[in-house]
Structure formats: C-alpha cells, structure tokens
Amino acid sequence: MNKTFGETVKNLRIKAGIGLRELARIIDKSAGYLSDVENGRVPPPSEAIILEIAKALEVDKSELLIVARKVDPELSEYVAQQPQAADFLRMAKNQEFSDNDWERLTQLAKFTKLGKGWNEEK
Amino acid sequence: MKVPWIPKERIEHSALGIIADYQDMIGHTIRPPIPVEDIIERYLEVNLSFEDLEEKLGMEDVLGATFIKLRLICINEKLLENKSEGRLIFTCAHEIGHWVLHRQFINVAGRSDPQKNGIVCRIKNSRHPIEWQADYFAACLLMPEKETINAFRKVCGTEALVVNNVQSSFGSTSLYIDPCIENWPYIAAMVCEAGGFNVSKQAMIIRLMGLGLLVNLTKERIGWSKSYCIAR
C-alpha cells in the first residue's frame, strides 16, 4: 500500500534523526500541527511548507510533493508563464496520456535534444 | 489497573538498561539531557504523537497515554503550550516507563477488555502503584543516580543538604549555610543547570530527596503549592 504524506514525513524524519518538535521548530510550525500532519489528522500542508520540510530533512522535494499530490511551485510558475506548456498539458489530459506515453515522450525529447539543457544534465 | 510490586532497584536497572541499549544503537555514550523522544521513536520504535487528549478521551487532567497494540505514545499537546519543557519530557519518560514495565500487564488486561489495551495517565491517579512506578522509572531515566550525584556535588559539595528551617535566617542566597524549604527551588535549579538535566525543579527535588542528597527535617512538606515557590 502506498504510504501517506504523513507516514512518509515521519519515516524520513526519524531516518534523519530529527525529533518531531525539532522539525516543527525548523519549519516554524507547532509540534501539535506537525503531529497532526504525520498522523493524517489534517491534510498535507501547503507546497511552501512541504519544500521547507524537504530542505530540513535533506530529501528530494519531488518525493514529498508527489506523495502529497502537490505541484512544485516552480513548475506551476513555469506553466503560468508558458501558455503553450499549459496547452500541451491540457492536450495530454484530454488524450489520456498513459505512463508509457509520458516515458516515450521523455525519450523523444532527450533523443531530439529539445531545449537547451540536455548537455548540463548527467 | 493493578500491577505487581516492583523493587526500586529493578526499576532503576530497567531505566539504565534502556540508556545502555540506546547508546549501543547510536554508537556513543550520552549525557543528560536524555533524548527521550528519540528513544521512543528510534530505539523503542514506538509512534509518538501530540494530541488534545482531554478532548479525544473526554477526560480532564490527562498528561499522556500509551496504547500497546497501536505501538503509540500520545502526549497531551497542552504540555507543548505552557512552556514547561521539563514536564513534557518527564511525561515522555513516564510513558516509556509504562511501555517498559507494564506493557505485558496492559496486554493481558486488553485481551479481556479492548478498552484496557492502553493506559491513560491523569494527574489525579499519580499515587496509583502503576503511575508511581512509571514516575520512578522516568526519574531514573532522566536523572541517573551517578550523574545526579555528580551534579549535586558540583553545586553543594559532598555532604547531603539538611533542611532545618522553613525560612532562611540569612537571606535567600545562603543556600549552603542555611538550606531551607524556602530555598529549595534554587537548589533544584542549580543542580539541573550543573548536570544539564532537562527536568522541572519539582522533579529534581524529588529525585534529590529520593537519593538522600536533600534531607528535610522540618515539619513543613516541600510542595509547589506554596506561593513563594510558584513565584520562582
């Protein structure tokens, strides 16, 4: 079964050796609230707080954002600034792209070196 | 819930055993303040949660609760609010005490009555044997005898402090010349500071008396309800 956001944060926090109260202090929230989040008594926090949690725990922000079903604010901003990106995503949604479709599309972009950043990536 | 009598020595031994095993796990020795939250989560692998237990359980004056089957220790989130970290830490240590000393009895009771598959700790039950044992365990865990004696000696010397008077004859700063009931919050605070103990002054003074380091020869009972103590 997939882990919830709260379970994921709790596991990562314990693995990092950071106490619940300590993490709450770092992200400037109450320990009671963070306990509620970890135990699923309240919904996952905002994207901004998730990014703070990821930074404090030194983990990949994508891992937490995905499990919280949130979008990275950087991506939201990119889509907002690139109407064609929004159009493309809408088309993908309407055409019901599968995981396989997205994988093929990623490979195509890599193969044809769309954009400028491929040489910088490992 | 009834539990069998456990000698103080065995309770102390259990608490020191937890510290020793925790040290083995993390690979180095520790000194006070004892990291009770990490002991709960990483050593015991028990979930720790802060909740409004009074609302959840419909009871007043709840400090904490331990649920065996859920592997869960809950601390009343109100302890987070009143800035009394010592009390919060002591409650965590107290619940560890239940987990270590009593979980087998709670499990047995829980088989016949699911409602009893946990223990709820309330201020009004503090004199019950099960609560007293967990309190004593907490004191031994947070204020190990050796470290407490060392800290006491740094502050007060090698002799036990004998309290003969309620009020000081020389003024409030004469801790060593004339230790008195009125001064004991200072004594406790100084020993806490010297040993790095993250406990309340009340917990420290009870531990000092338990170890025979502070002897009260007055008829006055040391208690926090006195206005002069609260003011400090």
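Residues numbered from 1 in each chain as written. Chains lettered and ligands numbered in written order. Predicted model: local features only at pLDDT ≥ 70, side-chain atom pairs only at ≥ 80, totals over all residues. Heavy atoms only, no water.

Colleague: Would you mind going over the packing of helix α1 (residues 5–15) of chain A against helix α4 (residues 47–57) of chain A with me for this structure?
Modeller: For any two helices packed against each other, one specifies the inter-axial angle together with the distance between the axes. Residue and element names in this part refer to chain A. It is the contact of α1 with α4, at a shortest axis distance of 10 Å, that shows an interaxial angle of 25°. Comparing their axes, α4 and α1 come out roughly parallel. Here the hand of the crossing between α1 and α4 comes out left-handed. Two secondary-structure elements touch here, α1 through Phe 5, Val 9, Leu 12 and Arg 13 and α4 through Ile 50, Ile 53 and Leu 57. Across the contact of α1 with α4, the residue classes break down as six nonpolar, no polar and one charged. (Axes fitted to C-alpha atoms, helices over the stretch in contact; angles between N-to-C directions. Helix = DSSP H or I, 4+ residues; strand = E, 2+ residues; numbered from the N terminus. Parallel < 35°, antiparallel > 145°, perpendicular 65-115°, else oblique. Left-handed = near helix turned anticlockwise from the far one by under 90°. Contact = heavy atoms within 4.5 Å. Nonpolar A, V, L, I, M, F, W, Y, C, P; charged D, E, K, R; others polar.)

Colleague: Would you mind going over the interface of chain A and chain B with me for this structure?
Modeller: Accessible area lost upon the coming together of the parts serves often as the stated size of an interface. Contact with chain A, which involves twelve residues of that partner, is made by 13 residues of chain B. For the pair chain A and chain B, the summed buried surface comes to about 1000 Å²; carbon and sulfur atoms form 46% of the total. On the surface where chain A and chain B come into contact, there are four salt bridges. Note that A:Arg21 is salt-bridged to B:Glu37, the shortest N-O span being 2.8 Å. Those elements giving two or more residues to the side of chain A that touches chain B turn out to be α1, α2 (20–26) and α3 (31–38) of chain A. (Buried area = accessible area lost by both parts, 1.4 Å probe. Salt bridge = Lys/Arg side-chain N within 4 Å of Asp/Glu carboxyl O.)

Colleague: How should I be thinking about the domain arrangement of chain A in this particular structure?
Modeller: For chain A, the assigned domains read domain 1 (5–71) and domain 2 (82–111). Put simply, the middle of domain 1 of chain A and the middle of domain 2 of chain A, counted by C-alpha atoms, are 30 Å apart. (Domains from an automatic or database assignment.)

Colleague: Teacher, can you tell me more about the sheet that holds strand β2 (residues 62–67) of chain B here?
Modeller: Strand pairing in a sheet takes place through backbone hydrogen bonds and is either antiparallel or parallel in direction. Residue and element names in this part refer to chain B. Overall, mixed pairing links the four strands, which are arranged β1-β3-β2-β4 in an open sheet. Of all the strands in the sheet, just β1 (47–51) and β4 (118–122) have a single pairing partner and so form its edges. If you compare each strand with its neighbour and ignore which way they point, the axes differ by 15° on average. In terms of strand pairing, β1 meets strand β3 (residues 72–76) through five bridges, oriented parallel. By the bridge assignment for β3, Asn 47 is matched with Leu 72. Where helix α2 (residues 36–43) meets the sheet, its contacts fall on β1 and β3, and the angle it forms with β1 comes to roughly 130°. (Pairing = 2+ DSSP bridges.)

Colleague: Which parts of the structure should I look at to understand the domain arrangement of chain B?
Modeller: All names here are of chain B. Segmentation of chain B into domains returns domain 1 (8–142) and domain 2 (145–216). Averaged C-alpha coordinates put domain 1 and domain 2 at centres separated by 26 Å. On the domain 2 side, the residues contacting the eleven residues of domain 1 number ten residues. Summed over the shared surface of domain 1 and domain 2, the result is one salt bridge. Between Arg 207 and Glu 12 there is a salt bridge whose closest N-O contact spans 3.0 Å. At the junction of domain 1 and domain 2, the tally comes to one residue pair in polar contact (both at pLDDT 80 or more). (Polar contact = N/O pair within 3.5 Å; in protein donor to acceptor, adjacent residues only side chain to side chain.)

Colleague: Can you walk me through the confidence of the model for chain B in this structure?
Modeller: Should the pLDDT be low somewhere, the predicted coordinates at that spot are not to be read in detail. Residues and elements named next belong to chain B. Summary statistics for chain B give a mean pLDDT of 87 and a share of 87% for residues scoring 70 or more. Counting interchain partners and residues more than four positions distant, the pLDDT-below-50 stretch residues 226–232 has 13 contacts. Model confidence for the complex: the whole-complex pTM is 0.84, and ipTM, which rates the interface, is 0.81. (pLDDT = per-residue confidence, 0-100.)

Colleague: Looking at this structure, how should I read the layout of surface pockets?
Modeller: It is a probe the size of a water molecule, rolled over the atoms, that shows where empty space is left. Its boundaries defined by the atoms lining it, the largest pocket holds a volume of some 1400 Å³. Lining the largest pocket are 42 residues, with B:Phe90, B:Asp135, B:Gln202, B:Ala203 and B:Ile206 positioned closest to its centre. Within the residue set of the lining of the largest pocket, elements represented by two or more residues are β2, α5 (85–112), β4, α6 (129–142) and α9 (201–210) of chain B. Of the residues that make up the lining of the largest pocket, three or more belong to each of domain 1 (8–142) and domain 2 (145–216) of chain B. Lining the second largest pocket are 20 residues; nearest its centre among them are A:Leu75, A:Tyr78, A:Phe88, A:Leu89 and A:Trp102. Mapped by element, the contributors of at least two residues to the lining of the second largest pocket are α6 (73–81), α7 (83–94) and α8 (99–111) of chain A. Counting residues per element, the lining of the second largest pocket draws most heavily on α8(A), which supplies six residues. Here the residues of the lining of the second largest pocket are counted per class, giving 13 nonpolar, five polar and two charged. (1 Å grid on protein atoms, 1.4 Å probe; cavity = no way out; pocket = protein on both sides within 12 Å on 5 of 7 lines; lining within 4 Å. Points joined across faces, edges and corners; volume = space filled by probe spheres on them.)

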